[in-house]
Amino acid sequence: MARTASTTKTTSTKKAKETPKIEKQIKTTKKSTGKIPSIKVSEKKKIIFLGSEAAPFIATGGLADVLGSLPKALAKNKNLDISVILPYYSNINEEFKAKFTFLTNFNVSVAWRWQYAGVFYYEYEGVKFYFIDNEYYFKREGNIYGFYDDGERFAFFSRAALDTIARLDIYPDILHCNDWQTAGSIIYLKGMYYGDEKFRRIKTLFTIHNIEYQGVFSMDNYESLFGFTESMKNFVEFNGCVNLMKGAIEMSDLVSTVSPTYSNEIKQPYFAHGLHDIINRNANKLSGILNGIDIDYYNPETDKCLFKNYSVTDLSGKAVCKAELQNMLSLPVREDVPIIAIISRLVSHKGLDLVRHVLENLLTQDVQVVILGKGEVAYENYFTHIAHTYQGKCATIIAYNQDLSRKIYSGADIFLMPSKMEPCGLSQMIASRYGTVPVVRETGGLNDSIKAYTGVKGNGFTFTEYNAHDMLYVINEAIRAFKDKKVWADVRNRAMTSDFSWKNQADEYLKLYDR
Ligand code: GLC
């Protein structure tokens, strides 16, 4: 939706009022040095990641985990110079904000608008982080997405990121953009910044973390909000709308997704949310690299959220975690009953309809079920209702809570993740690391990370069809395995020792960058 001139006017007045802290810093910086503090730029291969969230600064989903851990893993390679550019959201942890250094400010064109951008800098775990500040766009209550003007917010960010690169003279060899929020940078770079030789030399990689969210806007915004030119229409327009993800797929040098299976799935209409033809047309550019997790961050030996730490060689702490979890959730403290956990956004593509179909059936058995998540009201109400009905057998916590999630990952026995679609999924990897054996549907990254246990190989339990009774059958298989101490020790060991680190996966990205 295009905003009117009068809205913008109010905005600038508001903005002027809201940015005193920054103004002050600008003055200080200018006074003390008279120029932009320079960042050491090396002769290494330079990669700049663009994304809308990255842990530990700001996190709402799996993308944040990836942008918080992949750059760090790559930065361990001495031949690489790794940076990440993020929006400076007001909800970034205060502790970090206090450490940021103000670098510079300039104005960014968002079609006919001329918007303030401040750039802050912070080096963290070997990675250079740049934060683009504009309080009008990024000082919002509550969440970081879901506002009526998300298109404008990320159009601004996408251009501001390119302008930051020029302003600070940090032109990378590779610009690695993630999801629709930063798709615009590729479109602007290839469509509008190409006259500049330094920009022309940059190669682009676009990673699709979830093809469901494409950044679709009315064509009314094409010129008036995004400021795209006529010659880019073929790339950016799709089904009569602006489609940023489609534009980036068409215009970037290479495209990747977050697992090999998903990179094949999105060639089919069932998975592609309308973009299958576009994906097939660009198949020569497409690859799938399974995400890793930060195994230092998710480590049962050191995790401070756990009731007691433990390792694959000494699991006594896991028993304590289980008992304390049961105690905390008012479930009978019993070692012999399996705890089946779901930690998930409560949305349909996570396969919750399957769970809803057979949960009461499952609860007739001697099991305990723990659900942690937030999302669609229908699921929140359903799981809350079931927890009331089956007190002492089922506990539901409607929240997104890191600390609690770790307590559940460590205290549970079986982790249920029956997604309808799952580009990669990280929870099944985290659960495995904490010795909670996954039951998953064979789709996307679940299919690439969890293999059915056969007695001689495999690290979990899997089913193929999107069918509730197939799922229940496999859950029962897991429960039977749980009851056999020797078998359970074996499958749990296989889960815990599965290599989900970034070590090999980061090398896969390096190969892509080399291409
Ligand atoms: C998205 C996907 C999820 C993936 C994550 C990180 O959230 O839905 O499957 O693990 O991105 O790539």
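This text follows the structure it describes.
What this report covers is the structure whose coordinates are included nearby. (Residues numbered from 1 in each chain as written. Predicted model: local features only at pLDDT ≥ 70, side-chain atom pairs only at ≥ 80, totals over all residues. Heavy atoms only, no water.)

1. Quick word on the pattern of salt bridges
- Scanning all chains against the criterion turns up 23 salt bridges.
- In this structure, Lys-190 and Asp-253 form a salt bridge, with 2.9 Å as the shortest nitrogen-oxygen distance. Separated by 63 residues along the polypeptide, Lys-190 in helix H7 (residues 179-191) and Asp-253 in the loop between helix H11 (244-251) and strand E11 (254-257) bring together distant segments of the chain.
- For Lys-190, a relative accessible area of 15% puts it in the buried group. (Salt bridge = Lys/Arg side-chain N within 4 Å of Asp/Glu carboxyl O. Helix = DSSP H or I, 4+ residues; strand = E, 2+ residues; numbered from the N terminus. Buried < 20%, exposed > 50% of the residue type's maximum accessible area, 1.4 Å probe, protein only.)

2. A short note on the side chain of Thr-436
- For Thr-436, the location among the structural elements is in the loop between helix H19 (427-433) and strand E17 (437-441).
- Of the polar contacts made by the side chain of Thr-436, one reaches the backbone oxygen of Tyr-409; its length is 2.6 Å.
- The contact partners of Thr-436, leaving out residues within four places of it in the chain, are Lys-318, Tyr-409, Ala-412, Asp-413, Ile-414, Phe-415 and Ala-431. (Polar contact = N/O pair within 3.5 Å; in protein donor to acceptor, adjacent residues only side chain to side chain. Contact = heavy atoms within 4.5 Å.)

3. Observations regarding the packing of aromatic side chains
- If you walk through the whole model with that rule in mind, you get 42 aromatic pairs.
- Pairing Phe-138 with Phe-154 gives two aromatic rings, centres 6.4 Å apart and planes at 50°, and the pair type is tilted. Note that Phe-138 is positioned in helix H5 (residues 135-138) and Phe-154 in helix H6 (residues 150-168), a separation of 16 residues in sequence.
- Here Phe-138 falls in the buried class, since its relative accessible area comes to 1%.
- By relative accessible area, Phe-154 is classed as buried at 2%.
- Judged by centre distance (5.1 Å) and plane angle (65°), the ring pair of Tyr-382 and Phe-383 falls under edge-to-face.
- By relative accessible area, Tyr-382 is classed as buried at 13%.
- Of the residues examined, Phe-383 reaches a relative accessible area of 1% and is grouped as buried.
- The positively charged end of Arg-140 is found above the aromatic ring belonging to Tyr-136, 5.8 Å away from the centroid.
- Positioned above the aromatic ring of Phe-147 is the side chain of Arg-140, whose terminal nitrogen or guanidinium carbon lies 5.1 Å from the ring centre. (Phe/Tyr/Trp six-rings, centres within 6.5 Å; stacked < 30°, edge-to-face > 60°. Lys NZ or Arg CZ within 6 Å of the ring centre and 35° of its normal.)

4. Observations regarding the environment of Tyr-213
- The topology assignment puts Tyr-213 in the loop between strand E7 (203-208) and strand E8 (216-218).
- Classification of Tyr-213 by relative accessible area gives partly exposed; the value is 37%.
- Between the C-alpha atoms of Tyr-213 and Lys-285, which are 72 residues apart in sequence, the distance is 20 Å.
- Residues in contact with Tyr-213, not counting those within four places in the same chain, are Trp-180, Met-245, Arg-345 and His-349.

5. Observations regarding the sheet that holds E8
- Spatial strand order, E8-E10-E9: 3 strands in an open sheet with antiparallel pairing. Each end of this open sheet is capped by a strand with a single partner; those strands are E8 and strand E9 (237-238).
- In this structure, E9 lies alongside strand E10 (residues 241-243), joined through 2 bridges in antiparallel fashion. Counterpart to Glu-237 in the pairing with E10 is Val-242.
- Where H11 meets the sheet, it contacts E8, E9 and E10, and its direction lies at approximately 55° from that of E10. (Pairing = 2+ DSSP bridges. Axes fitted to C-alpha atoms, helices over the stretch in contact; angles between N-to-C directions.)

6. Notes on the pairing of strand E15 (residues 394-398)
- Counting buried positions along E15 gives 4 out of 5 residues, so the element sits mostly inside the fold.
- Inspection of the sheet shows strand E14 (residues 368-373) paired to E15 by 5 bridges, in the parallel sense. When the sheet's bridge partners are listed, Val-369 is paired in E15 with Cys-394.
- The handedness of the E14 to E15 crossover, carried by helix H17 (residues 377-389), is right-handed. (Right-handed = clockwise from strand over helix to strand, strands pointing away.)

7. Quick look at unusual backbone geometry
- Cis geometry marks the peptide bond from Ala-55 to Pro-56; its omega dihedral reads 5°.
- Following the sequence through the fold, Pro-56 ends up in the loop between strand E1 (45-50) and helix H3 (62-75).
- Even without being glycine, Ala-111 reaches a positive phi, approximately 50°.
- Non-glycine residue Asn-239 carries a positive phi angle of around 50°.
- Turning to its location among the elements, Asn-239 is positioned in the loop between E9 and E10.

8. What about the environment of Lys-451?
- When you line up the elements, Lys-451 lands in the loop between helix H20 (444-449) and strand E18 (461-463).
- Relative accessible area serves as the criterion here: at 44%, Lys-451 is assigned to the partly exposed category.
- Taking the C-alpha atoms as reference points, Lys-451 and Pro-438, 13 residues apart in sequence, are found 9.6 Å from one another.
- Not counting residues up to four positions away in its chain, the partners in contact with Lys-451 are Gly-458, Asn-459, Gly-460 and Thr-462.

9. Overview of the site of the ligand
- Around the ligand, the structure places Gly-62, Leu-63, Val-66, His-209, Asn-210, Val-258, Asn-291, Glu-422, Pro-423, Cys-424, Gly-425 and Leu-426.
- Contact between the ligand and His-209: an oxygen atom at 2.6 Å from a side-chain N or O atom of the residue.
- With respect to the ligand, the backbone of Gly-425 contributes an N or O atom lying 2.8 Å from an oxygen atom.
- Its free accessible area being 310 Å², the ligand has 91% of it covered by the protein chains. (Near = heavy atom within 4 Å. Areas by Shrake-Rupley, 256 points an atom, 1.4 Å probe, with all protein chains shown as cover.)

10. With respect to the nonpolar core
- Core analysis: the largest hydrophobic core is formed by 100 residues, its most contacted members being Phe-131 and Phe-228.
- By residue number, the principal contributor to this core is H6, which donates 9 residues.
- Ignoring sequence-local partners within four residues, the contact set of Phe-131 consists of Phe-57, Leu-86, Pro-87, Tyr-88, Ile-92, Phe-100, Gly-118, Val-119, Phe-120 and Tyr-122. (Core = buried A, V, L, I, M, F, W, Y, C linked by side-chain atoms within 4.5 Å.)

11. Some points on the pairing of E1
- Burial within E1 is extensive, with 5 of its 6 residues counted as buried.
- Bridge count for E1 against strand E2 (residues 80-87) is 6 bridges, and the pairing is parallel. Across the sheet, the residue bridging to Lys-45 is Leu-80, located in E2.
- Handedness of the crossover joining E1 and E2 through H3 is recorded here as right-handed.
- Bridge count for E1 against strand E6 (residues 174-178) is 4 bridges, and the pairing is parallel. Note on E6: the bridge partner recorded for Ile-47 is Ile-174.

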